[in-house]
Each structure stands twice: as structure tokens, then as C-alpha cells.
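Per-entry structural report
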Amino acid sequence: QAQVSESGGGSVQSGGSLRLSCRVSTFTYNHIVVGWFRQTVGNEREGVAAIDSDGPIYYADSVKGRFTISQDSDKGTVYLQMNSLKPDDTAMYYCAAEPAHFLGEQYLDYTLYGYWGQGTQVTVSS
């Protein structure tokens, strides 16, 4: 029982930055995992970063050191700060939530998440 809505996408040049926001409204779950995923035409959805309300954080190797996921519990919002953006980061970015306990790479497995936002486009030009 959750609703998810993301925003903050846009177009930037290589090396630029963007911050995505994900509003998560939970109703019957005290514990929840929130993840960021991205997808391009012809490719499977891939996990970018995830944060567990209990504390654990997980990043894809491709974004470690460049992206930072964080949360503002009072606002019910999860953020994805994206720095040093590359053209390969261009994709539709989705926020998702799941009231589950994950282990390791499960945090970045899109098939395990049940609540999804509508997506926000990120385009990085060279």
C-alpha cells in the first residue's frame, strides 16, 4: 500500500548534475525499500541505487562515486543526486518501492518491486 511519484529529470551536458526526487506515500507499511531504476529503448530496466528505511544503501557499479541516494523521512522523499553525468546515463528514470527485506543485489532487481512511479526523462548530451 504505497504511492510513488518521481520528478527532476531534464537535459544536461556531459559532466553536469541533476537531482531527482521521489515522493513515497506509505499507508500500511512501516518498513519500505525505495529504489531508482533506469531504462532505454530495447534494454531491460536496470537498478541504479536503492535505500532501505532500515538503513542499507546499494549502488550499481556504474554510478558509484557519482550518484548519491538519500532520504528525507519528514517529507517522505527519496533523492538521487547525479553528478558527473555521462551520455550513457541517458534514460527514463523510475522510482519504485517495495515493503520487503532484500539482500545484496536484490535491491537493484526491478522485478522485486511492486510500486512504481511514472518515470522522468534524463538526457545527457556530449
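Structure first, text after, so check above.
None of the values given here were measured: they were computed from a predicted structure.

1. Some remarks on the pairing of strand E8 (residues 77-82)
Burial analysis of E8 places five of its six residues in the buried class, the great majority of the element. Of the pairings in the sheet, the one linking strand E3 (residues 18-26) to E8 comprises six bridges and is antiparallel in character. Note that in E8 the partner of Ser 21 across the bridge is Tyr 79. What sits between the antiparallel neighbours strand E7 (residues 67-72) and E8 is a turn of four residues, in which Gly 76 has the positive phi angle 60°.

2. What to know about the state of the cysteines
Overall, the coordinates contain one disulfide when judged by the stated rule. Between Cys 22 and Cys 95 runs a disulfide, and the two sulfur atoms are separated by 1.9 Å. Its S-S torsion of approximately -80° makes the covalent link between Cys 22 and Cys 95 left-handed. Placement of the pair is Cys 22 in strand E3 and Cys 95 in strand E9 (residues 91-98), with a sequence separation of 73 residues.

Conventions and cut-offs
Think of each chain on its own: its residues are numbered from 1, step by step along the sequence as written. Predicted model: local features are reported for residues with pLDDT of at least 70 only, side-chain atom pairs are reported and counted for 80 or more only, and whole-chain, interface and lining totals are derived from all residues. Only hydrogens and water are set aside; all other atoms, that is, all heavy atoms of the structure, feed into the side-chain values. The buried label applies to any residue whose accessible area, calculated with a 1.4 Å probe on protein chains only, is under 20% of its type's maximum; exposed applies above 50%, and partly exposed to all values in between. A run of H or I in DSSP becomes a helix once it reaches four residues, and a run of E becomes a strand once it reaches two; helices and strands are each numbered from the N terminus. Pairing between strands requires that DSSP locate at least two bridges from one strand to the other. Any two cysteine sulfur atoms within 2.5 Å of one another count as a disulfide.

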